[in-house]
Amino acid sequence: MASYLKSTPTRDGFFGKYGGAMLPPPLIPHFKEIGEAYDKLSKSSEFVRDLRYIRKHFQGRPTPISHFSNLSDICGGAQIYGKREDLNHTGAHKLNHCMAEGLLAKYMGKTKLMAETGAGQHGVALATAAAYFGMECEIHMGEIDIAKEAPNVTRMKLLGATVVPVGFGGRSLKEAVDSAFGAYIPQADTTLFAIGSVVGPHPFPLMVRNFQHVVGIEAREQFMDMTGGLPDMVTACVGGGSNAMGLFAGFIDDEEVSLHGVEPMGTSSNLGDHAATISFGEDGDIHGFHTLLLKDKDGEPAPVHTIASGLDYPGVGPEHAHLSTTGRVNYTAANDKEALNAFYALSRHEGIIPALESAHAVAFAMREAKNNPGKSILLNLSGRGDKDIDYVTETFGYSVDD
Ligand SMILES: *Cc1c(COP(=O)(O)O)cnc(C)c1O
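Along every chain, residues carry numbers that run from 1 in the direction the sequence is written. Only residues with pLDDT of at least 70 are given local features in this predicted model, and only at 80 or more are side-chain atom pairs given and counted; all residues enter the totals for whole chains, interfaces and linings. The side-chain figures draw on all heavy atoms in the structure; neither hydrogens nor water molecules are used.

## Considerations on the nonpolar core
We call a set of buried Ala, Val, Leu, Ile, Met, Phe, Trp, Tyr and Cys residues a nonpolar core when their side-chain atoms join them within 4.5 Å. Relative accessibility thresholds used throughout: buried, under 20% of the residue-type maximum; exposed, over 50%; partly exposed, between the two (1.4 Å probe, protein chains only). The biggest cluster of nonpolar side chains holds 86 residues, and the ones touching the most others in it are Leu104, Phe251 and Leu378. The way it works is that DSSP assigns letters per residue, a run of H or I at least four long becomes a helix, a run of E at least two long becomes a strand, and they are numbered from the N terminus. With nine residues, helix 10 (residues 204-227) is the largest single contributor of residues to this core. Just so you know, the domain bounds were taken from an automatic or database domain assignment. Two domains each donate at least three residues to this core, and these are domain 1 (20-56 + 94-204) and domain 2 (60-91 + 212-396). For Leu378, the contacting residues outside a window of four places in its chain are Ile65, Tyr81, Gly82, Lys83, Ala219, Phe223, Pro231, Met233, Val234, Thr235, Leu247 and Phe251. Counting residues in each nonpolar core, the second largest holds 33 residues, with Tyr344, Leu346, Ile352 and Ala361 among its members. Here, two residues are considered to be in contact whenever any of their heavy atoms come within 4.5 Å of each other.

## Side note on the environment of His349
You can see His349 is positioned in helix 14 (residues 336-350). As a C-alpha pair, His349 and Ser69 span 280 residues in sequence and 9.1 Å in three-dimensional space. With residues near it in sequence (within four places) discarded, His349 still touches Asn70 and Ile74.

## Examining the site of the ligand
Taken together, 17 residues sit near the ligand, with Lys94, Ser197, Gly241, Ser242 and Ser382 positioned nearest. A distance of 2.6 Å separates an oxygen atom of the ligand from a polar side-chain atom of Lys94. What qualifies as a polar contact is a pair of N or O atoms within 3.5 Å, subject to a donor-acceptor requirement within protein and to the restriction that residues adjacent in sequence count only when both atoms come from side chains. Within the side chain of Ser242, an N or O atom sits 2.7 Å from an oxygen atom of the ligand. Exposure was quantified through the Shrake-Rupley algorithm and a 1.4 Å probe, taking into account, for residues, occlusion by the shown protein chains and nothing else. Contact with the protein chains covers 97% of the free accessible surface of the ligand, which is 380 Å². All amino acids are sorted into three groups, where Ala, Val, Leu, Ile, Met, Phe, Trp, Tyr, Cys and Pro are nonpolar, Asp, Glu, Lys and Arg are charged, and the leftover types, Gly among them, are polar. Classifying every residue of the shell around the ligand gives four nonpolar, 11 polar and two charged. Here the shell around the ligand spans two domains, since at least three of its residues come from each of domain 1 (20-56 + 94-204) and domain 2 (60-91 + 212-396). Residue proximity to a molecule or strand is established when one non-hydrogen atom of the residue lies within 4 Å of it.

## Structural notes on the side chain of Glu138
Tracing the chain through its elements places Glu138 in strand 6 (residues 136-142). Within the structure, the side chain of Glu138 is placed 2.7 Å from the side chain of Lys112, a separation counted as a polar contact. Setting aside chain neighbours within four positions, we find Glu138 in contact with Lys112, Leu113, Met114, Ala115, Thr162, Val164, Ala183 and Gln187.

## Things to note about the sheet that holds strand 5 (residues 112-117)
Spatial strand order, 7-6-5-8: four strands in an open sheet with parallel pairing. Each end of this open sheet is capped by a strand with a single partner; those strands are strand 7 (162-166) and strand 8 (191-193). For this sheet, the mean inter-axis angle between neighbouring strands, taken without regard to orientation, is 20°. We treat two strands as partners when DSSP finds at least two bridges between them. To get an axis, a line is fitted to the C-alpha atoms, and for a helix only the part in contact is used. The angle between two axes follows their N-to-C directions and goes from 0 to 180 degrees.

## What to know about the sheet that holds strand 9 (residues 233-237)
Ordered in space as 3-4-14-9-10-13, the six strands form an open sheet in which the pairing is mixed. Since the sheet does not close on itself, it has two edges, and those belong to strand 3 (65-67) and strand 13 (329-335), each with one partner. Shown here is a sheet whose adjacent strand axes are inclined to one another by a mean of 25°, direction ignored. In this structure, strand 9 lies alongside strand 10 (residues 258-266), joined through five bridges in parallel fashion. Looking at the pairing, Ala236 lines up with Gly261 of strand 10. Against the sheet, helix 14 engages strand 3, strand 10, strand 13 and strand 14 (376-381), with an angle of about 85° to strand 13.

## Some remarks on the packing of helix 14 against helix 16 (residues 389-396)
At a minimum axis distance of 12 Å, the contact between helix 14 and helix 16 shows a crossing angle of 110°. As far as their axial angle goes, helix 16 and helix 14 are roughly perpendicular. Contacts from Leu340, Phe343 and Tyr344 of helix 14 reach helix 16 at Ile389, Val392 and Phe396. Of the residues assigned to the contact of helix 14 with helix 16, the class counts are six nonpolar, no polar and no charged. Under this scheme an angle from 65 to 115 degrees is roughly perpendicular, one under 35 degrees roughly parallel, and one over 145 degrees roughly antiparallel; angles in between are oblique.

## Some details on the pairing of strand 5
Among the six residues in strand 5, six count as buried, and that is most of the element. Here strand 5 shows no split at all, with Lys112, Met114 and Glu116 on one side and Leu113, Ala115 and Thr117 on the other all buried. Where strand 5 lies against strand 6, six bridges are found, and the strand directions are parallel. Across the sheet, residue Lys112 finds its bridge partner in strand 6, namely Glu136. A crossover counts as right-handed when, viewed with the strands pointing away from the observer, the path leading from the first strand over the helix to the second turns clockwise. A crossover links strand 5 with its parallel partner strand 6, the connecting element being helix 6 (residues 121-133), and its sense is right-handed. Bridge analysis of strand 5 against strand 8 gives three bridges, and the strand direction is parallel. Bridge assignment links Leu113 to a residue of strand 8, and that residue is Leu192.

## Description of the environment of Phe47
Within the element layout of this structure, Phe47 appears in helix 3 (residues 45-59). For the pair Phe47 and Leu104, spaced 57 residues apart in sequence, the C-alpha to C-alpha distance is 8.2 Å. Not counting residues within four places of it along the chain, the set of residues in contact with Phe47 comprises Leu41, Ala100, Leu103, Leu104, Tyr107 and Phe211.

## Remarks on the domain arrangement of the protein
Here the protein is described as being made up of domain 1 (20-56 + 94-204) and domain 2 (60-91 + 212-396). For domain 1 and domain 2, the distance between their C-alpha centroids amounts to 23 Å. Taken together, the contact between domain 1 and domain 2 spans 23 residues of the former and 27 residues of the latter. Buried area between domain 1 and domain 2, summed over both chains or domains, comes out near 2,000 Å², and the portion from carbon and sulfur atoms is 59%. Buried area is calculated as the accessible area (1.4 Å probe) missing from two parts once they are joined, with the contributions of both summed. Contact with domain 2 buries area across many residues of domain 1, yet Arg55, Asn96 and Val198 alone supply 28% of it, more than any other trio. For salt bridges, the criterion is a side-chain nitrogen of Lys or Arg within 4 Å of an Asp or Glu carboxyl oxygen. Here domain 1 is connected to domain 2 by zero salt bridges. Summed over the shared surface of domain 1 and domain 2, the result is nine residue pairs in polar contact (both at pLDDT 80 or more). Mapped by element, the contributors of at least two residues to the side of domain 1 that touches domain 2 are helix 3, helix 5 (94-107), helix 6 and helix 9 (173-184). When the residues that make up the side of domain 1 that touches domain 2 are grouped by side-chain class, the tally is nine nonpolar, eight polar and six charged.

Here it is in C-alpha cells:
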C-alpha cells in the first residue's frame, strides 16, 4: 500500500508547492518526451525485467544490511544498522538511478547520455552506464573540480566519456549545470540529459526517487527478516536528496518509523560555511524547479561549504522541501567535525571506510543512539570512502587525536 508514493508528486511534478518544471522553451518538448516515456516504461514488464537483471547481475544487488554492533556498544543506547549502498558497483547509490536512466535512454532510442558533475561521482556513475549500454557520454565539469578530483576525471575518461571543462564564473558545479544545459539543447533529439539526484525539473525528482526506491524496498524486507520488526528511526544524508528519498520511500507509509534527513553543517551556521538548505533556506528557484534555497543578499544561490563535496549544493530536492513542511521527515544537521569523527569510528570499529557524505548519517546515528536506549536506527551507508582517504589523512591524520 504505497499510498504516499502513488499520490505524490502531482501529474505536473509538484510536491506541495515545491517542484515543477521551469524550462527554456526549446527544452519543454524534450522534458515532456522524457516524462511520457518514463510513465509508459515504468509500467512495462519488459523494462522492469531488464532493470532487475542489471541490478542483480551488474550492480550486485541486493546490497545487505549490516548490524554495527561494535559501534552500537561504544555509543551505548540504540542498535545501529547500515544499508550497504557502498557495496554497489562503483561504490555508491548513484548507480541505482544512472543505470535506470541509461536503460530509459536505450528504450527511447537515444544514443548518448550527458550530465554535469561536481566531485565527479555522478559523472563516473553515468559514464559507467554509458559504457554498459554502448552509448556516448558527455560530462560537464568545472575547472576547479577537475583539478581537485583528478582520479574521477581519469575514471570517466577510461570509461569512454568526454569531459568538458567549464571555465566561467566560479568554475564549479553550478556553472557545470549551466554549461551542460546549454550544450544539451542542440543535441536533445539524440541525447538524454541524466540528472544526478532528486533535483531539476519534473520528471527527474519523481523518476530518480522511484529508481532509488529499490534501496528502501530491500531494506524494509531485510530489516524485518533480521530483527522481526521495523526500525524505530531511519536516517540518511541529504545533498540533493536521492539516497535519502530512496531509503525513506520504503518506510514513508509506516507512521511508527521516524525519518531523519541529515544536512551538512560544514564549519559553522554562518551563510557560506555550510550547505544545510532545509535548516536555513528560503523558498526560491534553482535549475528549473521551486524549492528551498540558500540565498545570498542579492537573492542568488549562495556559496556553500561542506567537507563532503557530494553534499555541496545550495538547493535541495523539492520532495525534501515538501516533507519538511508536512513534518513527515525531520531534518537536522551534522558538521564537518562530527562527520570526520564518524568516518574514523566506522573505519576503526566496523571495518568499513564510509564516504564523507554517508559519514553525516553515521554521525547522526552515533549522536542519537545515546538518547534512544533499546531502539533501533537504520542508516543509509550511501557510499564507500576510498575517494576520500587521501584528503582525510593528508589533512587530518589517521584518527581524531592526530
Ligand atoms: C553524491 C553522493 C551523495 C549525495 O547525493 P544525494 O542525492 O543527496 O543522495 C551522498 N552520498 C554519496 C556517497 C554520494 O556519492
